[in-house]
Amino acid sequence: MAAHSMVYLKGMINLKKRSEIIKKFKAEGGQIAAIAPYHYPKALFRAFNILPVELWGPPKLNTLESKSHIQTYICSVVHSILTFHLKGNLSVCDYILIPHTCDSLQGLGSIFLDFIKPEQKAFTLYIPRGRRQVDIDFLSKEIEKIYNELQKATGTTPDKNELNHHIETEEQAVSMVKKLIKNRAYLNTDDYTFYKTIRSKEYLPAEDFIEIAEEFYKTYKIDTPLNKKPVILSGLLPEPMEILNVINEKDGLVAGDDFATTGRRLYPKSEGQNPFVRMAKSIVHSPPDSSRGDSVEARLNHLIHITEKTGAKGVIFFIVKFCEMEYFYLPHLRKGLSEKGIKSIVIDTDINDELSQQTITRIEVFMETLK
Amino acid sequence: MNVLKKLKYALMTNLIGKPYLRIERKKSEKKIAKLFNPDSPLNPPLKITAYTKEFVSSHYFKGRYIEGVKPVAWVTSGAPIEILKALGFFLIYPENHAALCGARKVQMDLIKTAEKEGLSNNVCSYVRTDIGSLLSGRTPAGKLPKPDLLLACSNICQTVLHWYRMLEKHLNIPLVIIDTPFVYNEIEPHQVEYVKKQLLHSLLPVAEKIAKKSLKEKELKKVIKFSKDATELWLEILNLCKEKPSPLTVFDQFVFMAPIVEMRGDRETVDYYNEMYKEVKSKVNTRKGALKRERRRLLWDNLPIWFKMRELAVKMAERGISIPISTYTYAWGELAPLMDLKKDEFEVIAKVYLSPILNRGTGHKLNTMVKMVKEFKLDGVILHSDRSCKPYSMGQMDQRNRLIEEFKIPAMLLEADQNDENAYSEEQIAIRIESFFEMLGVSYG
Ligand code: SF4
Ligand code: SF4
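Here, residues in each chain are numbered from 1, in the same order as that chain's written sequence. Lettering for chains starts from A, numbering for ligands starts from 1, and both go in the order in which the items are written. With pLDDT at 70 or above as the cut-off, local features in this predicted model cover only qualifying residues; side-chain atom pairs require 80 or more to be listed or tallied, and sums for whole chains, interfaces and linings still use all residues. Values reported for side chains reflect all heavy atoms of the structure, with hydrogen atoms and water molecules removed beforehand.

(A) Structural context of the overall build of chain B. Secondary structure elements are defined from DSSP: runs of H or I of at least 4 residues count as helices, runs of E of at least 2 residues count as strands, and each element is numbered from the N terminus. Along the backbone of chain B there are 19 helices and eight strands. Computed over the C-alpha atoms, the radius of gyration of chain B is 21 Å, within 12% of the 22 Å expected from 2.2 N^0.38 for a compact globule of 445 residues. Note on contacts: a residue pair is in contact if any heavy atoms of the two residues lie within 4.5 Å. Counting contacts in chain B only where the partners sit at least 6 residues apart, residues at least 24 apart contribute 79% of the total. What sets the accessible areas is the Shrake-Rupley method with a 1.4 Å probe; for residues, cover comes only from the shown protein chains. Looking at chain B as shown, the accessible area adds up to about 17700 Å², and 53% of this sits on carbon and sulfur atoms. Charge convention: Lys and Arg are scored as positive, Asp and Glu as negative, and His as well as the terminal groups of each chain are ignored. By convention, the charge on Lys lies at NZ, on Arg at CZ, on Asp at CG and on Glu at CD. In chain B, 70 positive and 54 negative side-chain charges are present, and the distance between their average locations comes to 5 Å. Our radius of gyration is a C-alpha quantity, and the globule rule it is checked against amounts to 2.2 Å times the number of residues to the power 0.38.

Written out as structure tokens, the structure is:
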């Protein structure tokens, strides 16, 4: 099949702003939950007519306020979330959920509950670090606990059918993300547009996201693959997003990712009738992931699998500075990849900073070395 | 093969190790005596200090010859070791080993080795120290025995889970993870159930298979009893530091706590703390403090700065600053009342190991600090903001503010690291400590 080399089509899909979505959802009688990274049962909130809006920072924030609560050796994601709240930007939200993803989010959750004490109801959710039956049992109880709290807070009691309905809708949305990622090389758009679109799932109701994702697919789908150098990104999130432009400008294409925002949340479909168990199973069986304490082997095999599937010859580890759990795996992952002939590079980032010229040059040089 | 190894073990530990360590003890007794000359602001330490070194060293010495004699496990400091002990495992605590490297000031070379292999300097310095030791084979303990099993428990941090994943990769042996959900408020029944099930279904079968025997309830009860007795004695010793002048400072306690971490569950450890209790009690009876002159009393929060222990102890003592207690050393004693021997052992273990201060919320720690300030009649708090230990350090800024504003307790944040000297700025620390002394009214000026 001939490879496609036409110029990317950019930004043809009209994505509404997060603030507009929130406003509309509230105007229709719904409530909003701000969600910290990154595993959580989205369907549970939707069953209570609550729209979960994820907080991945936001980036490019001046985090002065958080510095009087947390030390500078804590990552920029946590600083941004706290600053965003302290600036009053979460006042539109009715609930805050801080999953136990890492030691830093553990600390943030605890500070929220004990010291910050926001007006909104704040929840925590412990994500177990195993993939055993015992972990599913525990997580389903954690989810049920939040169900009970939401029941108290909203005065509504969604039944099993409603919960299962939302589980299925969320699963459809995940399937759409999987489809877009799988067909990435056949979608004639730049990575910035691609990621803006798939990441809109972080704040859109699943039904809206499915619609947009379908339209996106139809608009950009081409018959022959783009003739670009495939590369894989790994880390927490593609921020600062300019990295995507740097890759594209060097004739590269992000062919797949192992990001917490996307690749690590391509949950498998769940089965069964008990909605709490279904939601727990999906999360417990998520792709290999540092935050779940997975083995080096599992993570390495997963990365190799993505590179083989996409033909990528390079992996960029885009690491939020101070994100300890990511650093641990790097020496082993890089060695394992290199043994398979796959090049890799580590870039430390701060989501609140611009990409430095030095970082841009490093990425450019790296891209040039890929065949 | 095993018979030969057992013979060698007996020979080396009894005929060679014991006399050798006794000689070493004599040497360190002399060394200690020299350090505490008449001009020192510190009174001579407990007699048991030199024995502590011998006691801890004997554990590592046994470790050199233990392979093939007993099954070996490397475990995290907060791991539910009673089950392994009852099955006859010999235990090594990589965190304690890293602390030992820090205290002996050999850690920086090891850290460099780990970083050279690609481990980021943003990873906990205990891990860097220990991985550096594993990669280079260098250790002040002589040699660490190769483990048959790794056991990581998440009740102190998530760091250890990733650390043990790396060890699993290096050593290619089974790893059991006991996941203890973080307790934001109170311990909940489903958390206890979760931990208990993991003990029964994840840890026990693997440990029994490696030990080639089944767990006996009687043995387990015996080990829990030793753990409880040692922990209770430790708590009583620390409570003696409520007296004025305090018979010990945290700098002593940081050294004396090693056996409660790495040898709890042994009869000898109970004997050791019994001896210590008697000596500390007699110091209290004769009103002999750790410092020659105790002017102010402070609380220490977080891990020690291992490579600066002596310097800080002297610096504080010179101004009459005594630090009779820390949240870190007290954390081990606090668990004693939870070890209820009349209840189901697995339920008890689950509750105990869900409860360490590091697995509790930031508000709980603040309350603990306020309570300690009252009970130990303290004048202020030093919060060591430890760059390596995020779970212990997060929350400290709010805790400090609350201590000052709500409870009117002077408090200071000290930015450092337990093992990484690169995160320790001599000048900045001196300035901060000096201004805190001023605030406490004990400056030279
Ligand atoms: S970037 Fe890493 S350390 Fe920061 S919140 Fe996310 S998982 Fe935690
Ligand atoms: S120092 Fe802190 S982060 Fe490091 S292993 Fe100990 S508890 Fe974990």
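(B) Expanded view of the overall build of chain A. Counting its regular elements, chain A contains 13 helices and eight strands. Computed over C-alpha atoms, the radius of gyration of chain A comes to 20 Å, within 12% of the 21 Å expected from 2.2 N^0.38 for 371 residues, which places it in the range of a compact globule. In terms of its C-alpha atoms, chain A occupies a principal-axis envelope of roughly 60 × 45 × 40 Å. Buried residues are those whose accessible area, probed at 1.4 Å on protein chains only, stays under 20% of the maximum for their type, while exposed residues exceed 50% and partly exposed ones sit between those limits. In chain A, which comprises 371 residues, the proportion classed as buried is 64%. A total of about 14000 Å² of accessible surface is found on chain A, and carbon and sulfur atoms cover 50% of it. Each charge class in chain A can be summarised by its mean position, and for the 49 positive and 47 negative side chains these summaries are 2 Å apart.

(C) Structural detail: the site of ligand 1. Residue and element names in this part refer to chain A. Around ligand 1, the structure places C75, V77, V78, C102, L105, L236, V320, C323 and M325. At a threshold of 2 Å from the grid points, most atoms of ligand 1 map onto the second largest cavity. Its residues placed into classes, the shell around ligand 1 shows nine nonpolar, no polar and no charged. Neighbouring residues are identified by heavy atoms, a residue being near a molecule or strand if any of them is within 4 Å of it. Residues are said to line a cavity or pocket when one of their atoms sits within 4 Å of a point; the points come from a 1 Å grid over protein atoms alone, cavities being sets where a 1.4 Å probe fits but cannot get out and pockets being open sets with protein on both sides within 12 Å along at least five of seven lines. In this description, a molecule resides in a pocket or cavity if more than half of its atoms sit within 2 Å of the grid points defining it. Amino acids outside the nonpolar list (Ala, Val, Leu, Ile, Met, Phe, Trp, Tyr, Cys, Pro) and the charged list (Asp, Glu, Lys, Arg) are all regarded as polar, and Gly is one of them.

(D) Representation of the interface of chain B and chain A within the structure. The partner chain A presents 49 residues to the 55 residues of chain B that form the contact. We define buried area as the total accessible area lost by two parts upon association, computed with a 1.4 Å probe and summed across both. Of the roughly 4500 Å² buried at the junction of chain B and chain A (both faces included), carbon and sulfur atoms supply 60%. Polar contacts, as used here, are pairs of N or O atoms within 3.5 Å; protein pairs need one atom able to donate a hydrogen and one able to accept it. Residues neighboring in sequence count only if both atoms are side-chain atoms. For the pair chain B and chain A, the number of links is 27 residue pairs in polar contact (both at pLDDT 80 or more). For the side of chain B that touches chain A, the secondary-structure elements that each account for two or more residues are α7 (159-171), α8 (189-211), α16 (362-375), β7 (380-386), α17 (390-393) and α18 (396-405) of chain B. When residues of the side of chain B that touches chain A are assigned to their parent elements, the largest contribution, nine residues, is made by α7 of chain B. Grouping the amino acids of the side of chain B that touches chain A by side-chain chemistry returns 18 nonpolar, 24 polar and 13 charged.

(E) Structural view of the site of ligand 2. Residue and element names in this part refer to chain B. If you check the shell around ligand 2, you find C124, Y126, I156, C157, T159, V160, W163, L303, S388, C389 and Q418 and nothing else. Here the shell around ligand 2 takes three residues from α7, the largest share from any one element. Its residues assigned to classes, the shell around ligand 2 comprises eight nonpolar, three polar and no charged.

(F) Geometry of the confidence of the model for chain B. Note: pLDDT gives the predictor's confidence per residue, expressed from 0 to 100. Mean pLDDT over chain B stands at 94; residues scoring 70 or higher make up 99%. Scoring the predicted complex yields pTM 0.95 and, for the interface, ipTM 0.95.

(G) Up close: the sheet that holds β7 of chain B. Residue and element names in this part refer to chain B. Read across the sheet, four strands follow the order β6-β5-β7-β8 without closing on themselves; strand pairing throughout is parallel. Edge strands, defined here as strands with exactly one partner in the open sheet, are β6 (321-326) and β8 (411-416). With direction set aside, neighbouring strand axes in the sheet form an average angle of 30°. Two strands are said to pair when DSSP picks up at least two bridges between them. Where strand β5 (residues 296-301) lies against β7, four bridges are found, and the strand directions are parallel. In the strand pairing of β7, D301 is matched with L383. Where helix α14 (residues 327-334) meets the sheet, it contacts β5 and β6, and its direction lies at approximately 35° from that of β6. Helix axes use the C-alpha atoms of the stretch in contact, all axes being lines fitted to C-alpha atoms, and the angles between their N-to-C directions lie in the range 0 to 180 degrees. Sitting on the sheet, helix α19 (residues 426-440) is in contact with β5, β6, β7 and β8, with an inclination near 170° to β8.

(H) Representation of the layout of surface pockets within the structure. Residues and elements named next belong to chain B. Grid points are joined across faces, edges and corners, and a volume is the space filled by probe spheres set on the points. Estimated volume of the second largest pocket: approximately 820 Å³. If you go around the second largest pocket, you meet 33 residues; those closest to its centre are K62, K70, K85, D266 and E268. In terms of residues, the lining of the second largest pocket owes the most to one element, helix α1 (residues 2-35), which gives eight residues. A per-class count over the lining of the second largest pocket returns 12 nonpolar, eight polar and 13 charged.

(I) Spatial organisation of the nonpolar core. Counting 251 residues, the largest nonpolar core has I316 of chain A together with L84 and M276 of chain B as its most contacted members. The element that contributes the greatest number of residues to this core is helix α9 (residues 217-240) of chain B, accounting for 11 residues. With near-sequence residues (within four places) excluded, I316 of chain A lies in contact with V231, I232, L233, S234, I243, I247, I345, I347, I363, F366 and M367 of chain A. To define a nonpolar core, start from buried Ala, Val, Leu, Ile, Met, Phe, Trp, Tyr and Cys residues and group those joined through side-chain atoms within 4.5 Å. Counting residues in hydrophobic clusters, the runner-up holds 29 residues, among them L44, A47, Y95 and F123 of chain A.

(J) A look at the environment of P247 of chain B. Residues and elements named next belong to chain B. Following the sequence through the fold, P247 ends up in the loop between α9 and α10 (250-256). Sequence separation between P247 and D229 is 18 residues, and the spatial gap between their C-alpha atoms is 21 Å. Contacts of P247, omitting those with residues within four sequence positions, involve L240, C241, V280, K283, V284, K288, G289 and A290.

(K) Seen up close, the state of the cysteines. Only a pair of cysteine sulfur atoms within 2.5 Å qualifies as a disulfide here. Per the stated rule, a full pass over the model turns up zero disulfides over all chains. Looking at the unpaired C101 of chain B, the closest cysteine sulfur is the one in C124 of chain B, lying at 13 Å.

(L) Helix α4 (residues 103-116) of chain A, seen in detail. Of all the 14 residues making up α4 of chain A, 13 are buried; the element is thus mostly covered by neighbouring parts of the structure. Once α4 of chain A finishes, K117 of chain A follows within two positions and takes phi at roughly 40°, a positive value.

(M) View of the pattern of salt bridges. One side-chain nitrogen of Lys or Arg within 4 Å of one carboxyl oxygen of Asp or Glu is enough to make a salt bridge. With the rule as written, the count across this model stands at 48 salt bridges over all chains. With a closest N to O distance of 3.8 Å, E406 of chain B and R402 of chain B form a salt bridge. E406 of chain B gets classed as partly exposed once you look at its relative accessible area, which sits at 48%. A relative accessible area of 24% places R402 of chain B in the partly exposed class. One network of salt bridges, in which partners are shared, links D258, R264, D289, R299 and E326 of chain A.

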